[in-house]
Amino acid sequence: MTVITPRRKILGIGYPRFAVAEWEALAAEYDIHHFVPGDRKQVVSEVKRLCDEHGPFDAGYVLFGTAAYSPFHADMLGPLLDPGTCGLWAQGGAGYDDVDVAFITGSNAWFSNTPHSVTAATADMGILLMLSALRGLSQAERTVRAGKWRDDMPLTDDPEGKTIGFLGLGAIGKSMAMKTKPWDMKVLYHNRNRLPEAEEQALGATFVSFDELLAKSDIISVNCPLTDKTRGILSTNEFAKMKDGVFIVNTARGAVIDEDALIAALKSGKVARAGLDVLTTEPCRDSWLFASDRVTLQPHLGAFTTGTILKGERAVLGNVKAYLETGVPVTPVNKPERAAKA
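Numbers given for residues are sequential positions, taken from 1 along each chain in its written order. With pLDDT at 70 or above as the cut-off, local features in this predicted model cover only qualifying residues; side-chain atom pairs require 80 or more to be listed or tallied, and sums for whole chains, interfaces and linings still use all residues. The side-chain numbers reported here are obtained from all heavy atoms of the structure, hydrogens and water having been left aside.

(A) Expanded view of the pairing of strand 1 (residues 9-13). Accessibility here uses a 1.4 Å probe with only protein chains present; expressed as a share of the type maximum, an area under 20% marks a residue as buried, one over 50% as exposed, and anything in between as partly exposed. In this text, helices come from DSSP runs of H or I with a minimum length of four residues, and strands from runs of E with a minimum of two, each type numbered from the N-terminal end. Among the five residues in strand 1, four count as buried, and that is most of the element. Two strands are counted as paired when DSSP detects at least two bridges linking them. Pairing between strand 1 and strand 2 (residues 31-35): five bridges, direction parallel. Bridge assignment links Leu11 to a residue of strand 2, and that residue is His33. The parallel pair strand 1 and strand 2, bridged by helix 1 (residues 20-29), forms a crossover whose chirality is right-handed. By convention, orient the strands away from the viewer: a clockwise path from the first strand over the helix to the second makes the crossover right-handed.

(B) Here's a closer look at the sheet that holds strand 1. Across the sheet, which stays open at both edges, the five strands sit in the order 2-1-3-4-5 with parallel pairing between neighbours. Each edge of the open sheet carries a strand with a single partner, namely strand 2 and strand 5 (110-112). Averaged over all pairs of adjacent strands, the angle between their axes in this sheet comes to 15°, without regard to strand direction. The contact criterion used is simple: two residues touch if any of their non-hydrogen atoms lie within 4.5 Å. Axis lines are fitted through C-alpha atoms, for helices just across the contact stretch, and the angle between N-to-C directions can take any value from 0 to 180 degrees. Across the sheet, helix 2 (residues 40-54) touches strand 1 and strand 2, and the angle it forms with strand 2 is around 150°. Sheet strands touched by helix 12 (residues 306-326): strand 1, strand 3 (59-62), strand 4 (88-91) and strand 5. Its angle to strand 4, the strand with the most contacts, is close to 160°.

(C) Representation of the environment of Lys181 in the model. With respect to the element layout, Lys181 can be found in the loop between helix 7 (171-179) and strand 7 (186-190). Put simply, Lys181 and Leu155 are 26 residues apart on the chain and 24 Å apart in space, counted from C-alpha to C-alpha. Setting aside chain neighbours within four positions, we find Lys181 in contact with Ala202, Leu203 and Gly204.

(D) Representation of the pattern of salt bridges within the structure. By salt bridge we mean one thing: a side-chain nitrogen of Lys or Arg within 4 Å of a carboxyl oxygen of Asp or Glu. Overall, the coordinates contain 20 salt bridges when judged by the stated rule. Note that Glu29 and Lys321 form a salt bridge whose closest N and O atoms lie 3.2 Å from each other. With a gap of 292 residues between them, Glu29 in helix 1 and Lys321 in helix 12 connect regions that are remote in the sequence. Residue classification places Glu29 among the partly exposed residues on the basis of a relative accessible area of 38%.

(E) Broad picture of the packing of aromatic side chains. Ring pairs are drawn from Phe, Tyr and Trp, using the six-membered ring of Trp, whenever the two centres fall within 6.5 Å, and their geometry is named by plane angle: stacked under 30 degrees, edge-to-face over 60, tilted for the rest. With the rule as written, the count across this model stands at five aromatic pairs. Here the aromatic rings of Phe72 and Trp89 are separated by 5.9 Å at their centres, their planes lie at 45°, and the arrangement is tilted. Of this pair, Phe72 sits in the loop between strand 3 and helix 3 (74-81) while Trp89 is found in strand 4, placing the two residues 17 residues apart along the sequence. Given a relative accessible area of 0%, Trp89 falls into the buried group.

(F) Just the side chain of Ser112, in detail. Among the structural elements, Ser112 can be located in strand 5. Sequence-distant contacts of Ser112, defined by excluding residues within four places in its chain, comprise Leu88, Trp89, Ala90, Gln91, Asn319, Pro329, Thr331, Pro332 and Val333.

(G) Focus on the sheet that holds strand 12 (residues 295-297). Strands sit in the order 8-7-6-9-10-11-12 across an open sheet of seven strands; the sheet is parallel. Of all strands in the sheet, those with a lone pairing partner are strand 8 (205-207) and strand 12, marking the two edges. Pairs of neighbouring strands in the sheet enclose a mean axial angle of 20°, with direction left out of account. In this sheet, strand 11 (residues 271-276) lies alongside strand 10 (residues 246-250) in parallel orientation, the contact comprising five bridges. Within the sheet, the bridge partner assigned to Val246 lies in strand 11 and is Val271. In this fold helix 11 (residues 259-268) packs onto strand 10, strand 11 and strand 12, with an angle of close to 135° to the strand it touches most, strand 11.

Structural data, given as structure tokens:
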């Protein structure tokens, strides 16, 4: 008598734009039930529908471009995780402030992200925003588009010899620090934990206190994750400690900076110019920042390149495949109880 083992099941939010071959290879081994995401109400409804009709699932994933329907909390993931059979929620991107990791862990499931796939592109964006802020590119572009050429354009700043302070020196911050080397910039950083001496030497980076970073930096680059401790960490008191005419770059999360305090600092001239890839509210439809020609804005595009999305999609699917084959994803964030059995 032949015993047919049922194929394991995956719930997917989204279909890859580029890693199609990898998705199809996974689908050849496992049953993937996926849907195209819309707004949050639709996604919550579709997850429940798929779980009711085809569950329970062994793993779930979501790819990139999730701003329209995040966060990933119990109201969305409950039908997937509550039965206790789903052992992985795999997500694209490095940050996970929109994920209820405690709920996932409490459901005895792994949570994985893709911390390495977005590093280079996000660091590139940080450098672009830094240069744009230093050289006043937003103001210059508005001036030329208004038919004024460079009328009333002030002289701007060079990166050479400037002191850049990194608030958070993880993978993206380190990549940015390496990219500043041609300009002979002095690199300061403040981290939860100091880097090994050999790594500091390779980066040319000096560990300083938070207040020293604020006081000595010509440019402050925000590269730390958004947590309860870092939310609003740059606010009115912190801007007051900075140099007059400081430049601010943020490619991390908008809420790390108190946006009202940043606007006040821009209006007063305390902050000369800023380059922001992230805002407190996303998608953002209206802000004082939109009208300021001293701010370069991007709609959280740091990782949105074809190569990065391809790497990220491969990493998400790789985490799913690794979990289903070994019981452990490649890049786990948490450690559920099932980890002891893996």
